[in-house]
Every structure is written in structure tokens, then in C-alpha cells.
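Geometric and topological summary
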Amino acid sequence: MDEYNQVVQSLPSWLARPLLRMPQELAGQVHELRLRVGCVPSFTVRGASCAPAQLSRELEPLQQMRLDPMQMEEILFTLCGGSVHTHQTEIAQGYVTFASGCRAGLGGRFLQNPKQGIVLQELTSVNLRIARERTVPLPKELANALQGHFIGMLLVGEPDSGKTTLLRSIAMELVRQEKLVSVIDERRELFPGTLGPQMSGRELDVLSGIPKGIAIQMALRALSPQVILLDELGGLEEVSALEQGLFSGVDFIATLHAASPEEAVGRPQVQALQARGALRVLVWLKGRRAPGEIQEVRFL
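This section reports on the structure supplied with the text. (Residues numbered from 1 in each chain as written. Predicted model: local features only at pLDDT ≥ 70, side-chain atom pairs only at ≥ 80, totals over all residues. Heavy atoms only, no water.)

Some thoughts on the side chain of Asp 185
Using the following cut-off: Numbered from the N terminus, helices here are DSSP runs of H or I no shorter than four residues, and strands are runs of E no shorter than two. When accessible area is computed with a 1.4 Å probe and restricted to protein chains, residues below 20% of their type maximum are described as buried, those above 50% as exposed, and intermediate ones as partly exposed. Throughout, a contact is declared for two residues whenever any of their heavy atoms are within 4.5 Å.
Secondary-structure assignment places Asp 185 in strand 8 (residues 181-185). What makes Asp 185 buried here is its relative accessible area of 2%. For Asp 185, the contacting residues outside a window of four places in its chain are Leu 190, Phe 191, Val 206, Leu 207, Ser 208 and Gly 209.

Structural notes on the nonpolar core
Stated formally: The criterion is simple. A nonpolar core is a set of buried Ala, Val, Leu, Ile, Met, Phe, Trp, Tyr and Cys residues joined through side-chain atoms within 4.5 Å.
Judged by nonpolar contacts, the single largest core of 37 residues is most densely connected at Leu 11, Leu 19, Met 22, Leu 35, Phe 43, Val 126 and Leu 128. Once you skip the residues sitting within four places of it in the chain, Leu 11 turns out to touch Ala 16, Leu 19, Leu 33, Leu 35, Ile 75, Thr 78, Leu 79 and Leu 128. Membership of the second largest hydrophobic core comes to 28 residues, among which are Ala 215, Ile 216, Leu 242 and Leu 256.

A closer look at the sheet that holds strand 15 (residues 294-299)
To keep things clear, this is the line we draw: A strand pair is defined by DSSP finding two or more bridges across the two strands. Axes here mean lines fitted to C-alpha atoms, for a helix over just the part in contact, with angles spanning 0 to 180 degrees between N-to-C directions.
Across the sheet, which stays open at both edges, the seven strands sit in the order 11-8-12-13-7-14-15 with mixed pairing between neighbours. Lying at the two open borders of the sheet, with one neighbouring strand each, are strand 11 (205-208) and strand 15. Neighbour-to-neighbour, the strand axes of the sheet open up by a mean angle of 15°, direction not taken into account. Two elements, strand 12 (residues 227-230) and strand 13 (residues 251-257), share four bridges in a ladder whose sense is parallel. Within strand 13, the residue paired with Val 227 across the bridge is Asp 251.

What follows is the structure in C-alpha cells.
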């Protein structure tokens, strides 16, 4: 069963039924499903937003659907498996992650509560990202760089350009090279599951569900990695967490949202890494219409 169908079946039945009419050849191409108050459900295919009627006649009933606030609340309740409370930490950060690794991004009105922290007051949109465990071939120059001591590497691209797919492919290459790899998977998207993936009879060490800065320190103290992988490099506090590893010979690979390599190197956290001599390779992805494909490998 395609991951699209698995995600759709996590929705209320009144919404799942018409969505499951998607022809299978199209379902495999959908990488986002967007649900908004007062709007028709829409799909992202090859980087473009599509209305139901644009994709298939079987989906035309969805063209008449306009989601209301009560339906959006039911959607969130169902996505949380009937227990919104257990997902409050994720919701406060604007998302919910399923066991499959697919993520629902949440939009709406949030409230900063002194006692409860950030609380979602009104849900107005849900963006369901369809995660598929696919790999992409690595260019020879990138595969060669991974064999040595590259210190630090950034995978840079716009949202939905396949950075996570590329990071997963790099993880598999490092395992083939018999390197010890710790994956910092805060939102459980890279390698969903409790034990991590099995590849060539070996396990990756996966730390998930906790802030990246804390997880990096845990990996350095207890897992003795040669390489640390993390999705979406955050602010300067995460750079500080990486410093201990950098000074002890541990390489790192991280993804970063940016519209261009020039924009990436202008970020404070990237400049901090460069100032420490900790960033040696920048990998630039082509973009939304060619997810996971590499435009350029730049050695700094």
C-alpha cells in the first residue's frame, strides 16, 4: 500500500473515503495534502499545488467540499489517535508526527500561556506531508567526500526539495562504509520506529522525540559516533552543542532551508560554523520539482 493511502486512512472516515478514490498511479506522486478551513482539499504534486478536479475525475466530489472549524478539530483529534493531550508537546511546535514518519504541519491561532506554554487555540490548516523511504544515487564526488574526514556538511535547499530523502541516502552510504552513525531525529521523520532501520545487518543509532541540542550531547556521551546526522539545523544553541563533537573528531551532516547557497552562508549559525573551520562541504539541491536531486557539491 502506498504511503498516501496510509496517511489518508489516519483521517476521519468521511474525509478518507473520497480521498482514497485517488488512482494509485497518482497517489504515488502526491507528497502533500493540504486541508484548510473554508477551502477545497488540495494536493502538491511535483512541486505544484493541484485542486482535486485537476488530478482525476474520481476526485471531483472533493471539489464541493469546504471544511469548517468543527471538521478541522475532528481531523486533529483523529490524527492524534483520539488523544490530543499526548501530542501537546509536538502541537506546541506546530506539527504532529505519525508512526510512519509522515508529518502534519498545523496552522492557526496559538496562545503563549505562562503556565501551559504554547497552546493551539484555533486550527485553520493542516499540511500532511507524505514521507516515503526512498533513496537517491549519490554523485561520485559526494560519495568520495563521505569516505574521508569531512568535518561538517550542509544539505541546502528550499522546502520540499528532498533534503530529508538525501540525508537518508547519505546515512545508508555511511552504513555501507561501516561508519558509526548517530541520527538526531527530533520529529521522527528520518527513520520512524523505536529501534531504527536495519541496513546490511547493522543498526543506526537513532535518538528521536527530544530537542536536537540535548540529543547531540547524549549521542556524544554514550554512543561514540563517527558521524552525527541531524535534520534541519536550528540556531546557535545547536551549533554550540555540536562543538564538543567537532573538537573530538566527530563529523556532522545537517540540512538547512535556504533559497540559495549564498543565502545559506549568510545565516548566523552557518557563519559560526565557518568561523570555527567546521564547515567543509555544501550540497545544493535542485528544488521542489526534482526532490532529492543534487545541483552542486561545493567544497568550502
